[in-house]
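Topology and contacts: notes
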Amino acid sequence: FNHIIMQPYSILRNALFLMLVTFGLSACKSQFVLELEGEKAGRNARIELFVDAEELFDKSKLDLEDCALWDGVKGNVNKGNSVKDFESTVYDKNMVTWRGSVDSDSRKKGYSIKILQIEMDPEKNCVFDKVVVAGKSGMVKAKVKKRGEDDCISPYSIWFELENPDGNTRVFRLDPFLRAIR
C-alpha cells in the first residue's frame, strides 16, 4: 500500500527535477551563446551534467534517474535511463568543455559537483589525442584532434565527484558517447 502512495511523490519529484533542469538549461544556453561570441557558433561544444546531488549522494551506485546530460551543440537533453545512450556532437580541431551542476535544492544545502576527468575507451578513441583528459577547477576542456576519416562514434566516461555539506565526497562514473564530425 505504501508503494502506491509513494508513486505520486516519485512522479512529482521527477517532474520537479525536469522543471529545474529545463530552467537551468535556459540559463546555461544563454551563457553558452555569450561564450561563443567571436567564434564560430556551434563548432565548440559544451556538455553539461546535471545531478540531483542530495538524492544521489547516499546511493551505493550511480542512479541515472538522478542525472541529466545536455549537449550545447544540438540542445539535446537526456534524463534517467536515456543518459546511458546520450550522444554529443563534437567537431574536429574544436574545443569541448564539460561542466557539472547540482539542482538548486542541493546547492542551497551545500552540495557541489566537480568533473574530475574524461576517460576515452582506449580501443575506440577516435576523438582526442589522449585517453584521459584531467579536469581543472571542476571542469574538463579538451581539443578534438584533426582526423582524416569519416565521422566516428566513441564511448567515454565522465568521472565526477559530489561533495556533501559535511565535506564528504563520492566519485561516480557515467558512460555516454561522442560523435566526432569534420
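Residues numbered from 1 in each chain as written. Predicted model: local features only at pLDDT ≥ 70, side-chain atom pairs only at ≥ 80, totals over all residues. Heavy atoms only, no water.

**Some words on the sheet that holds strand β8 (residues 140–143)**
The sheet built from five strands is open, its strands ordered β3-β2-β1-β5-β8 with mixed pairing. The sheet is open, and its two borders are formed by β3 (77–79) and β8, each paired with just one other strand. Adjacent strand axes in the sheet meet at a mean angle of 15°, parallel and antiparallel pairs treated alike. Where strand β1 (residues 45–51) meets strand β2 (residues 67–71), five bridges bridge the pair, whose relative direction is antiparallel. Bridging from a neighbouring strand, F50 pairs with A68 of β2. (Pairing = 2+ DSSP bridges. Helix = DSSP H or I, 4+ residues; strand = E, 2+ residues; numbered from the N terminus. Axes fitted to C-alpha atoms, helices over the stretch in contact; angles between N-to-C directions.)

**With respect to the state of the cysteines**
Counting across every chain of the model gives one disulfide. Each disulfide pairs two cysteine sulfurs, and for C126 the partner residue is C152, the sulfurs being separated by 1.9 Å. On the sign convention where negative is left-handed, the bridge of C126 and C152, at about 95° about the S-S bond, is right-handed. Remark: C152 occurs in strand β9 (residues 152–163) and C126 occurs in the loop between β6 (112–120) and β7 (132–134); sequence separation between them is 26 residues. As far as the burial class goes, C126 and C152 line up, both buried. (Disulfide = S-S within 2.5 Å. Buried < 20%, exposed > 50% of the residue type's maximum accessible area, 1.4 Å probe, protein only.)

**Re the pairing of β1**
Burial runs high along β1: seven of the seven residues are buried. Burial of β1 is two-sided: the residues A45, I47, L49 and V51 facing one way and the residues R46, E48 and F50 facing the other way are all buried.

**Regarding unusual backbone geometry**
A positive phi is found at K93, a non-glycine position, where the angle reads about 60°. Within the secondary structure layout, K93 lies in the loop between β4 (87–91) and β5 (95–102). In this structure, S137 takes a positive phi of about 60° despite not being glycine. Summarising the element assignment, S137 is placed in the loop between β7 and β8.

**Here's the deal with the environment of I158**
You can see I158 is positioned in strand β9. Placed 18 residues apart in sequence, I158 and P176 show a C-alpha to C-alpha distance of 7.8 Å. Sequence-distant contacts of I158, that is, excluding residues within four places in its chain, are made with L49, L69, W98, I115, Q117, I118, F172, R173, L174 and P176. (Contact = heavy atoms within 4.5 Å.)

**Topic: the nonpolar core**
Side chains of nonpolar character tend, in soluble globular proteins, to be buried together. One finds L49, W98, V127, F160 and L162 to be the most contacted residues of the largest nonpolar core, which totals 37 residues. For W98, the residues in contact, after removing those within four places along its chain, are I47, I115, I118, F128, M139, V140, A142, Y156, I158 and L178. (Core = buried A, V, L, I, M, F, W, Y, C linked by side-chain atoms within 4.5 Å.)

So far we have only geometry, and geometry alone does not tell us how the molecule works.
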